[in-house]
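Chain residues, written in single-letter form:
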Amino acid sequence: MQKIKSLMARQGLKSPQESMADLSPVENLRIPSTEEMRELRQQPIDPQAEQEIIDSIEEVYFSNDSFDMVRHELEKLPPELNLQELEEYRDKLKRQQAAVSKRVADLILEKQPSYVKELERVTALQANLQLAAVICTNARRQLRVSKEEFTEASLGLLANQRRRQLLTGLLKSLRTIKTLQRTDVRLSEMLEEEDYPGAIQLCLECQKAASTFKHYSCISELNSKLQDTLEQIEEQLDVALSRTCKHFDVLHYTKVQKAYTLLGKTQTAMDQLHMHFTQAIHNTVFQVVLGYVELCAGNADTKFQKMQYKDLCTHITLDSYIPCLTDLCKALWEVMLSYHRTMQWHEEHDKQKTVPSQDDAAGESDELTVDRSYVKKKLEHGLTRIWQDVQLKVKVYILGTDMSNFKYDDFIVVLDVISRLMQVGEEFCGSKSEVLQESIKRQSVNYFKNYHRARLEELRMFLENETWELCPVKSNFNIAQLHEFRFMGQCRSPSVSPSRQAASSAGPALEELSLFQQYHQDGNPFEMHTEHKEEETEDVLASNGYESDELEKSVYQDYDSDSDVPDELKQDYVDEQTGDAPLKSVSRETIRSKKKSDYNLSKASAPILTNTTLNVIRLVGKYMQMMNILKPIAFDVIHCVSQLFDYYLYAVYTFFGRNDMYESSGLGLISSRLRTTLNRIQESLIDMDPVGENAGVHGPAEDRKEKVPSPHLSQMVILTDSGTLYGLAQRVVATESLVFLAEQFESLQSHLDTMMPAAKKPFLQQFYSQTVSTASELRKPIYWIVAAKAIDYEQMLLMMAGVKWDIKEIMSQHNVYVDVLLKEFEQFNKRLGDVSRHVRIPLPVSNVLWEHCIRLANRTLVEGYANVKKCSNEGRALMQLDFQQFLMKLEKLTDLRPIPDKEFVETYIKAYYLTENDMEQFIKNHRVRLSIYYQTGGFRIAFCLSSSLTLAALCVPVCACWTQEYSMKQLANLVNVCLGSHINKKARQKLLAAIDDIDRPKR
């Protein structure tokens, strides 16, 4: 290869590549001649063979135009050349060239129509060019003629006129530019006047004018200045928008919205507005709390401004807590009111723009519709977001202070403020304020536990120092007169706060308006907490229980004037019905008639209660106020209210009704329901080991912490003096004050039921059915002790034992013991009158006292008759005479009908005349019943069981005593006394055996 190249160089020959490069482009790309084309067409056509030849061409030939094919083929030659091989390779190349040439020829023939068409277009273009050359030649010729015809002076005049016009336009442009440069002064004035729409309109017009003169170099600087001014306007506009968050002004907000509309940034303005509201809430609460913290800290060096809001709330003092909370709610109200008025502005604005004018373009209307829809959704969504931020800020403030040591009135104010705030939230966005409810519930439960514990201890102190003297209240006293219950006298929902009740009392028109309507323009719903409240006076106390001192004096004068009336007649006024109507003016005749109806004289209508009772009622009112404001803790409050009543009931029973000696009498003085109630109170509320000596026995410390020590009767109260009927006045005041308290609870039941959660209502129903309703049942055990001691029953038994009953003649005169007993009753009646001078004795009380005394007297008579060893038929008649005399005189002393246990005595006396069979049936019908007592927690509970039940069947330690309609001794004595008269010895043995069968279970 190198040898060939060197030989060609010596001969001056060029390579085929270089030779082709010297040719013209036309020669380089030679088109086959007609003869060649004919030869190519005459060659046999075998498309497959032709394609195979083309495919056999090396890829490098198709790579690019700069490919040197000659060099490529020469480099492929072997070192040793073979002529035959070279000729064969040359033939192969020729075949390949022929195939390519044929393919090119075919393509040319195929594209020939397009070629002809394009050639025609070239020919047409050539004709047009020739026409254009002719037109240009004519124009030059005419210009040459014009130049010759017009003078240079004429052309100069025209040139000057044109120059003048240009200069006039330039002057106008310069004046406009000068005006544009001075607009910044006017813009500043408009911004100071807060004319944001006018400033933006002027700035946009200046920018539009500046764009017209942008070809002047000075305009570029002016454009930059106008752009900076526009940005400054937007910044001031954002500041103006933020001011609407605290104090909404319609004109101001209208200007701001119009300005944002001119800027085309309505949606951006709404996003910024919500950001400003959020920031306003944060800044407002921080500044309010910070102000109070710094005020209370005085000269302290603590850097409060760098504290977080949560930490700042912990530095609020108890004295400043309520004023700070009130100011906090006031400030938050202003923010929410501004948001509310913002929504109202957009609603009214949208109504005005609902029907677009005919001049508005369709595109502009669509854009406005999109903006309005976005603004509406954004504002609706913002309601919940704003209120959530308010709740969280107030929650942090509420939980930042321990309220357990707050005064009750202060805590009620806090509840009232939060209740009003929750009402605002409900009207603001329909929220139930779960965050606020949970936080205030936590504080309320914590506060109420401590408060209730202190009140129970206070109640114990009151009870232990109570002398059970009558608290003189007016005859028309009602709990609604106490300011603690004033909230119940207004028509409102139980969930409405007291502040709203005060507002609703202004009239029905105000009550129908929402808070945002009432305080739309002026005022604040939280301002009433800072206003000075008028002192509420209670006119419930009376002078010594009478309406006037003169009336009281006249009453006692009239009462003393009856000293000459026989004692038996003076006792007739004991048991008749008393009137309950308030005593306003009473004549002397009316007072005299009243003496026959009760021991209460003119105090008949005044309720009996003590200072402690009044204190408990006030506590109930306070508890109900708290429950009325915060319903989530209603059950806890009602439970504590029930404990107040439980403790009062337990104290009255412990002081005046507990007496083991008389409890075991077996007369059923305490019902099973009352006994169960007393047991429940003792187990759940009373701490039986207050000193802590046996803490492990009475339960864990946590349980004992919820209990109260059992109260002790004041040493000032004497219950052993017979002259005062063993403290009857104190017993009446204590018992009847409990009954009065129960009546007040009954009147409150419907109100408590409305506030009680549905799931907890069975507790309230059980409390009323098993506790409140048992208050009147305490009369029996309490007055039983008085009745048992007031009359000397032992003396009567001794006198009956000295009477001879086996007489042979029918007597017409009763025995002396009857007169002695009646004298005891007369003395008892007189002492009742003495007690009634100081304390009114209601009819139910006098009935219970007389019933107990008569019942004990009758049972004493039966016991005395049962002690008789010998008795004749005349003796039995004398018993009947004595008893009838006793009944006749007794019926003059009391109006109690029927006489208690009258049949009990008469049946026993008449049983003397029964035959053997009738006597046996009598014993079976009046068989013994077993009363079982077991000791639990200080109480002795009695159950009456049939005689067939044995003590071995009981699972608890018991002590049993046998009581009966008639005792074993009384039945046996009846059989023994009848012996010899109409019962023989055999019948006697049979009847005694029947009695012994009844008596056998106890052995």
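Above this text sits the structure in question.
Here the structure is a predicted model, which means the values were calculated and not measured.

Brief notes about the overall build of the protein chain
Point 1. The helix and strand tally for the protein chain stands at 40 helices and 5 strands.
Point 2. The buried share among the 1003 residues of the protein chain stands at 42%.
Point 3. The long-range share in the protein chain, meaning contacts at least 24 apart out of those at least 6 apart in sequence, stands at 79%.

What about the packing of aromatic side chains?
Point 1. A full pass over the atoms with the stated rule returns 31 aromatic pairs.
Point 2. Members of the aromatic cluster, each reached through a chain of ring pairs, are Tyr408, Phe411, Tyr447, Phe448, Tyr451 and Tyr623.
Point 3. Here Lys760 stacks its cationic end above the ring of Phe635, 4.6 Å away from the centre of that ring.
Point 4. The side chain of Arg859 reaches across the aromatic face of Phe904, ending 4.7 Å from its centre.

Comments concerning a nonpolar patch on the surface
Point 1. A grouping of Tyr115, Val116, Leu119 and Val122 is seen on the molecular surface, where their side chains present a nonpolar patch of about 380 Å² in accessible area.
Point 2. With respect to the element layout, Val122 can be found in helix α8 (residues 112-149).

Structural notes on unusual backbone geometry
Point 1. Each neighbour pair has its own omega, and for Arg897 with Pro898 the value is -5°, a cis peptide bond.
Point 2. Relative to the helices and strands, Pro898 resides in the loop between α36 (873-893) and α37 (902-910).
Point 3. Positive phi, close to 60°, is recorded for Asp901, a residue that is not glycine.
Point 4. Here Asp901 shows up in the loop between α36 and α37.

Thoughts on the nonpolar core
Point 1. Within the largest apolar cluster, 226 residues are counted, with the highest numbers of intra-cluster contacts made by Phe825, Tyr865 and Phe886.
Point 2. Sorting elements by how many residues they give to this core places helix α26 (residues 634-657) first, with 16 residues.

Remarks on the pattern of salt bridges
Point 1. According to the stated counting rule, one finds 27 salt bridges in the structure shown.
Point 2. The partner of Arg103 in a salt bridge is Glu50, and the shortest N-O contact between them spans 3.5 Å. You can see Arg103 sitting in helix α7 (residues 83-110) and its partner Glu50 sitting in helix α5 (residues 47-55), a full 53 residues away along the chain.
Point 3. Overall, the relative accessible area of 10% leaves Glu50 in the buried class.
Point 4. Close ionic contact of Arg90 with Asp91 constitutes a salt bridge, the shortest N to O distance being 3.9 Å.
Point 5. Of the residues examined, Asp91 reaches a relative accessible area of 33% and is grouped as partly exposed.
Point 6. In this structure, a network of salt bridges that share partners links the residues Glu50, Lys102, Arg103 and Asp106.

Here's the deal with the packing of α26 against helix α28 (residues 672-684)
Point 1. Viewed as axis vectors pointing N to C, α26 and α28 meet at an angle of 110°, and their least axial separation amounts to 10 Å. Taken together, α26 and α28 sit at an angle that is classed as roughly perpendicular. The handedness of the crossing between α26 and α28 comes out as left-handed. On the side of α26, the interface is formed by Asp646, Leu649, Tyr650 and Tyr653, while α28 contributes Arg675, Leu678, Arg680, Ile681 and Gln682.
Point 2. Tallied by class, residues from the contact of α26 with α28 come to 5 nonpolar, 1 polar and 3 charged.

Here's the deal with the environment of Lys76
Point 1. Checked against the element boundaries, Lys76 lands in the loop between α6 (69-75) and α7.
Point 2. Assessed through its relative accessible area of 36%, Lys76 is described here as partly exposed.
Point 3. Once residues within four sequence positions are removed from consideration, Lys76 is found in contact with Glu58 and Tyr89.
Point 4. Polar contacts involving the side chain of Lys76 include one to the side chain of Glu58, which spans 2.3 Å.

Some thoughts on α28
Point 1. End to end, α28 covers 18 Å across 13 residues, agreeing with the expected 18 Å (1.5 Å per residue, within 8%).
Point 2. Considered for burial, the residues of α28 that qualify are Leu674, Arg675, Thr677, Leu678, Asn679, Ile681 and Gln682.

Comments concerning helix α31 (residues 761-770)
Point 1. Taken residue by residue, α31 has Leu764, Phe767 and Tyr768 as its buried positions. Each buried residue of α31 lies within a common arc of 90° when the element is viewed along its axis, so the set occupies one face.
Point 2. The elements touched by buried residues of α31 are α26 and α30 (728-755).

Considering the state of the cysteines
Point 1. Counted according to the given criterion, the structure contains 0 disulfides.
Point 2. Here Cys313 stays unpaired: no disulfide links it, and the sulfur of Cys324, its closest cysteine neighbor, is 7.4 Å away.
Point 3. Accessibility expressed as a relative area gives 0% for Cys313, which makes it buried.

So, how was this worked out
- Residues numbered from 1 in each chain as written.
- Predicted model: local features only at pLDDT ≥ 70, side-chain atom pairs only at ≥ 80, totals over all residues.
- Heavy atoms only, no water.
- Helix = DSSP H or I, 4+ residues; strand = E, 2+ residues; numbered from the N terminus.
- Buried < 20%, exposed > 50% of the residue type's maximum accessible area, 1.4 Å probe, protein only.
- Contact = heavy atoms within 4.5 Å.
- Phe/Tyr/Trp six-rings, centres within 6.5 Å; stacked < 30°, edge-to-face > 60°.
- Lys NZ or Arg CZ within 6 Å of the ring centre and 35° of its normal.
- Patch = residues over 30% accessible without salt bridge, like charges linked within 9 Å, V, L, I, M, F, W, Y side chains within 5 Å.
- Areas by Shrake-Rupley, 256 points an atom, 1.4 Å probe, with all protein chains shown as cover.
- Salt bridge = Lys/Arg side-chain N within 4 Å of Asp/Glu carboxyl O.
- Core = buried A, V, L, I, M, F, W, Y, C linked by side-chain atoms within 4.5 Å.
- Axes fitted to C-alpha atoms, helices over the stretch in contact; angles between N-to-C directions.
- Parallel < 35°, antiparallel > 145°, perpendicular 65-115°, else oblique.
- Left-handed = near helix turned anticlockwise from the far one by under 90°.
- Nonpolar A, V, L, I, M, F, W, Y, C, P; charged D, E, K, R; others polar.
- Polar contact = N/O pair within 3.5 Å; in protein donor to acceptor, adjacent residues only side chain to side chain.
- Expected span 1.5 Å × (residues − 1).
- Arc of directions from axis to C-beta.
- Disulfide = S-S within 2.5 Å.

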